[in-house]
Amino acid sequence: MTTRLYTHPIFLEHLTPPGHPERPDRLRAIERVLDEEAFAALDRIQAPEGDEATILYAHPADFVARVRAAIPDEGIARIDADTTASPKSWQAAVTAIGAANAAVDDVFSRRADNVFVAARPPGHHAEKTTAMGFCLFNTAAIAARYAQKKHGVERVAIVDWDVHHGNGTQDIFWDDPSVLYCSTHQMPLYPGTGAKTETGAGNIVNAPLAPQTGSEVFRDAFLSRVLPALDNFAPDLIIISAGFDAHHRDPLAEINLTEDDFDWATGQLMQRAARHSGNRLVSLLEGGYDLQGLAFSVAAHVGRLMKG
Ligand SMILES: [Zn+2]
């Protein structure tokens, strides 16, 4: 397997207020662990400049203009109670989109079998017209539509194992059966959506998990809901909204996974990518707020992507 890694120094310059869990140190912890010898074979690429026009694949122009207007010249501006922007946040968000779209190009051109994008800000809470939950634009949704427009594929699946429900991704694809959205997440928890009864056009599969759920129940949700939906849908591309805040060390939730569970889930999705998608798998960092839990989990995830 050729596994590509996209990073960029601009992702460290999206600043959040002191004490905010979504902080630049998250990426430093990831960079440190991926510097280890075990990851020497990673194909490391600096993320390209993003194309702002692709934001419109998932968000209307007036919303994009509103986010741009909220970027401060100095200091940190609040967009909502927990979502903020600093002077470089626009460039960071657009570069994250550029990296995700380039990752899509890579798996279709066979420059890589799979790709991990270590970027911030995250994206899965950003709805069509609302930036929220630390997210400005929905990077995964934009990348899915980019694959459809640029590479002419019909069906894209987004699998979201972040501990929070990806309300934004669900909102964007609510009535679009060309994109399957599958999510495992803690419920009740922020943002409050993600019940099993939320099914969109039959293309939304939510697998809510009760607080204190561990490995067994998580894997059962994957085996009984997520994987059958993927087999039924037969996607041309699988995108992972890879949040690692369901790790037992994470301070924002009460799900008790270990890095072994992320290794396992990655392997399961690689099997489905082999079966349906010509191995094409693009993984985008979302949450994960305990630096050690995040680093161990990313190491397990990327290690599995490399090994196959
Ligand atoms: Zn999360």
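All of these numbers come straight from a predicted model, not from anything done at the bench.

1. Brief notes about the overall build of the protein
Per the secondary structure count, the protein includes 8 helices and 10 strands. A globule of 308 residues ought to have a C-alpha radius of gyration of about 19 Å, and the protein, at 17 Å, matches this closely. In terms of its C-alpha atoms, the protein occupies a principal-axis envelope of roughly 50 × 45 × 40 Å. Burial status across the protein gives 61% buried among its 308 residues. In the protein, the proportion of contacts linking residues at least 24 apart, taken out of those at least 6 apart, comes to 75%. Averaged over its 27 positive side-chain charges, the protein has a centre that lies 4 Å from the centre of its 40 negative ones.

2. Details of the coordination of the zinc ion
Distances from the zinc ion to its protein donors, Asp-162 (OD), Asp-162 (OD), His-164 (ND1) and Asp-245 (OD), fall within 1.9 to 2.8 Å. The site at the zinc ion holds 4 donor atoms, and with the angles between them running 52 to 156°, its shape is irregular. Positions of the donor residues of the zinc ion, expressed as sequence spacing, correspond to D-x1-H-x80-D. One end of the pair, His-164, is in the loop between strand E6 (156-160) and helix H5 (167-173); the other, Asp-245, is in the loop between strand E9 (237-242) and helix H7 (259-276), and 81 residues separate them in sequence. According to the relative accessible area criterion, Asp-245 is buried, its value standing at 0%.

3. Some remarks on the pairing of strand E1 (residues 3-7)
Burial analysis of E1 places 4 of its 5 residues in the buried class, which makes it a mostly covered element. Where E1 and strand E5 (residues 114-117) come together, 4 bridges link them in parallel fashion. From the neighbouring strand, Leu-5 faces E5, where its bridge partner is Phe-116. In terms of strand pairing, E1 meets strand E2 (residues 43-46) through 4 bridges, oriented parallel. Looking at E2, one finds that Leu-5 is bridged to Arg-44.

4. Considering the side chain of Ser-277
Within the element layout of this structure, Ser-277 appears in the loop between H7 and strand E10 (281-285). Engagement of the side chain of Ser-277 in a polar contact is seen with the backbone oxygen of Pro-235, the distance being 2.9 Å.

5. Observations concerning the pattern of salt bridges
Throughout the structure, instances matching the rule amount to 17 salt bridges. Here Arg-28 makes a salt bridge to Asp-25, at a shortest N to O gap of 2.8 Å. Taken together, the residues Arg-28 and Asp-25, both in helix H1 (residues 25-34) and 3 residues apart, mark about one turn of the helix. With its nearest N and O atoms 3.5 Å apart, the salt bridge here joins Arg-155 to Glu-154. Overall, Arg-155 belongs to the partly exposed group, its relative accessible area being 26%. What makes Glu-154 exposed here is its relative accessible area of 57%.

6. Digging into the sheet that holds E6
Ordered in space as E2-E1-E5-E10-E9-E6-E7-E8, the 8 strands form an open sheet in which the pairing is parallel. If you trace the sheet from one side to the other, it starts and ends with E2 and strand E8 (204-209), each paired once. The sheet shows a mean angle of 15° between the axes of neighbouring strands, direction not considered. By the bridge criterion, 5 bridges tie E6 to E9 in an arrangement that is parallel. Across the sheet, Ala-157 pairs through a bridge with Ile-238, a residue of E9. Of the strands in this sheet, E6, strand E7 (179-186), E8 and E9 touch helix H6 (residues 215-233), which is tilted by about 175° from E7.

7. Description of the environment of Ala-119
With respect to the helices and strands, Ala-119 occurs in the loop between E5 and helix H4 (139-151). Classification of Ala-119 as buried rests on a relative accessible area of 6%. It is 15 Å that separates the C-alpha atoms of Ala-119 and Pro-21, two residues lying 98 residues apart in sequence. Excluding its chain neighbours within four sequence positions, the residues that come into contact with Ala-119 are Phe-11, Leu-27, Ala-96 and Leu-285.

8. Points about the packing of H7 against helix H8 (residues 291-307)
Axis separation between H7 and H8 bottoms out at 8 Å; the angle between their running directions is 30°. With respect to H8, the element H7 is oriented roughly parallel. By crossing handedness, the relation of H7 to H8 is classed as right-handed. Two secondary-structure elements touch here, H7 through Glu-259, Phe-262, Asp-263, Thr-266, Gly-267 and Met-270 and H8 through Phe-296, Ser-297, Ala-300, His-301, Arg-304 and Leu-305. The residue inventory of the contact of H7 with H8, partitioned by class, reads 5 nonpolar, 4 polar and 3 charged.

9. Some points on the packing of aromatic side chains
Centre-to-centre distance and the angle between the planes together describe a pair of aromatic rings. In total, this model carries 8 aromatic pairs according to the counting rule given. Ring plane angle 85° and centroid distance 5.6 Å describe the contact between Trp-90 and Phe-137, whose orientation is recorded as edge-to-face. Here the residue Trp-90 occupies a position in helix H3 (residues 89-109), and Phe-137 occupies one in the loop between E5 and H4, the gap between them amounting to 47 residues. Of the two residues, Trp-90 and Phe-137, both sit in the buried class. Grouping aromatic residues by their ring pairs yields a cluster made of Phe-63, Trp-90 and Phe-137. For Lys-149, the ring lying beneath its charged end belongs to Tyr-57, and the centroid distance is 5.1 Å.

The rules behind these values
Residues numbered from 1 in each chain as written. Predicted model: local features only at pLDDT ≥ 70, side-chain atom pairs only at ≥ 80, totals over all residues. Heavy atoms only, no water. Helix = DSSP H or I, 4+ residues; strand = E, 2+ residues; numbered from the N terminus. Rg over C-alpha atoms; globule rule 2.2 N^0.38 Å. Buried < 20%, exposed > 50% of the residue type's maximum accessible area, 1.4 Å probe, protein only. Contact = heavy atoms within 4.5 Å. Lys, Arg positive; Asp, Glu negative; His and termini not counted. Charge placed at Lys NZ, Arg CZ, Asp CG, Glu CD. Donors = N, O, S within 2.8 Å, 3.2 Å for Na, K, Ca; no water. Tetrahedral: all angles 85-135°; square planar, octahedral: opposite > 155°, others 65-115°. Pairing = 2+ DSSP bridges. Polar contact = N/O pair within 3.5 Å; in protein donor to acceptor, adjacent residues only side chain to side chain. Salt bridge = Lys/Arg side-chain N within 4 Å of Asp/Glu carboxyl O. Axes fitted to C-alpha atoms, helices over the stretch in contact; angles between N-to-C directions. Parallel < 35°, antiparallel > 145°, perpendicular 65-115°, else oblique. Left-handed = near helix turned anticlockwise from the far one by under 90°. Nonpolar A, V, L, I, M, F, W, Y, C, P; charged D, E, K, R; others polar. Phe/Tyr/Trp six-rings, centres within 6.5 Å; stacked < 30°, edge-to-face > 60°. Lys NZ or Arg CZ within 6 Å of the ring centre and 35° of its normal.

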